Structure formats: C-alpha cells, structure tokens
Amino acid sequence: MSSLRKLQQEIEKTLKKVQEGLEVFDDHQEQYDTTDPANANAREKLESQARAAGWDGACQGGPPSAVLLVGSTPVLKDQIKKLQRLRDSIKTW
C-alpha cells in the first residue's frame, strides 16, 4: 500500500510540474510571438528577462552554457526538453 501511495505522490508531483511547465511555455511563447521580429532589442530583452527569472538554460543542474541564444528562443527549447523528459517519465507508469 505504501508503494502505491508513493507512486501517487510522484504522479501528482510530475503532473504539477507539467502544468507549471506548460504555463511558462505558453507565457513566453506568447510574449515572443507578439514581439516584432525586426526588433532584435526587444527579443533580446525578453531573453534576458527569462534568464533573470531563472531560465539559465540549465535543466536539473545541467551546464548553464546552453543559455538563451538569439533568434529561436532557447528558453522554449529548454522548456520543451523538460516537458519531454516529464512525458517520458509518465510513459513508464
């Protein structure tokens, strides 16, 4: 019975992380999409804000060298990677 409770807690924690990740992804995607592509300064500002908010490109203690790159918003790429890892853990249940 204890193992079922532990699994249930893990499932709830993972689903909460997925929900939070989706919210962050949607918010950043919306901001990035509404920014004029010709305005590189505004996009760089969004990327630096994301960095300041804790998105340093490091996923679960990974190297911070994968920080935001100009252009294709690696914040979104990092968020996608996190969500994919969570998806893989969900598949194992």
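Residues numbered from 1 in each chain as written. Predicted model: local features only at pLDDT ≥ 70, side-chain atom pairs only at ≥ 80, totals over all residues. Heavy atoms only, no water.

As recorded in an unreviewed UniProt entry, the chain goes by CCR4-Not complex component Not N-terminal domain-containing protein and comes from Chlorella variabilis.

From N to C terminus, the chain includes 3 helices and 0 strands. In the chain, the succession of α and β elements from N to C terminus is α-α-α. Of all 93 residues assigned to the chain, the portion counted as buried reaches 26%. Relative to all contacts within the chain whose residues are 6 or more apart in sequence, the contacts with residues 24 or more apart total 53%. In the form shown here, the chain has an accessible surface area of approximately 6600 Å², with 53% of it arising from carbon and sulfur atoms. (Helix = DSSP H or I, 4+ residues; strand = E, 2+ residues; numbered from the N terminus. Buried < 20%, exposed > 50% of the residue type's maximum accessible area, 1.4 Å probe, protein only. Contact = heavy atoms within 4.5 Å. Areas by Shrake-Rupley, 256 points an atom, 1.4 Å probe, with all protein chains shown as cover.)

Moving on to a nonpolar patch on the surface. Taken together, the side chains of Leu-7, Leu-15, Ile-90 and Trp-93 present a nonpolar region at the surface, about 320 Å² in accessible area. Mapped onto the secondary structure, Ile-90 falls in helix 3 (residues 74–91). Look at Ile-90 and you get partly exposed, because its relative accessible area is 31%. (Patch = residues over 30% accessible without salt bridge, like charges linked within 9 Å, V, L, I, M, F, W, Y side chains within 5 Å. Salt bridge = Lys/Arg side-chain N within 4 Å of Asp/Glu carboxyl O.)

Glancing now at a negative patch on the surface. Together, Glu-20, Glu-23, Asp-26, Asp-27, Glu-30 and Asp-33 give the surface a local cluster of negative charge. You can see Glu-23 is positioned in helix 1 (residues 2–34). On the accessibility criterion, Glu-23 (42% relative accessible area) is partly exposed. (Lys, Arg positive; Asp, Glu negative; His and termini not counted. Charge placed at Lys NZ, Arg CZ, Asp CG, Glu CD.)

Here helix 1 is 33 residues long and its end C-alpha atoms lie 48 Å apart, about the 48 Å a rise of 1.5 Å per residue gives. Listing the buried residues of helix 1 in full gives Ile-11, Thr-14, Val-18, Gly-21, Phe-25, His-28 and Tyr-32. (Expected span 1.5 Å × (residues − 1).)

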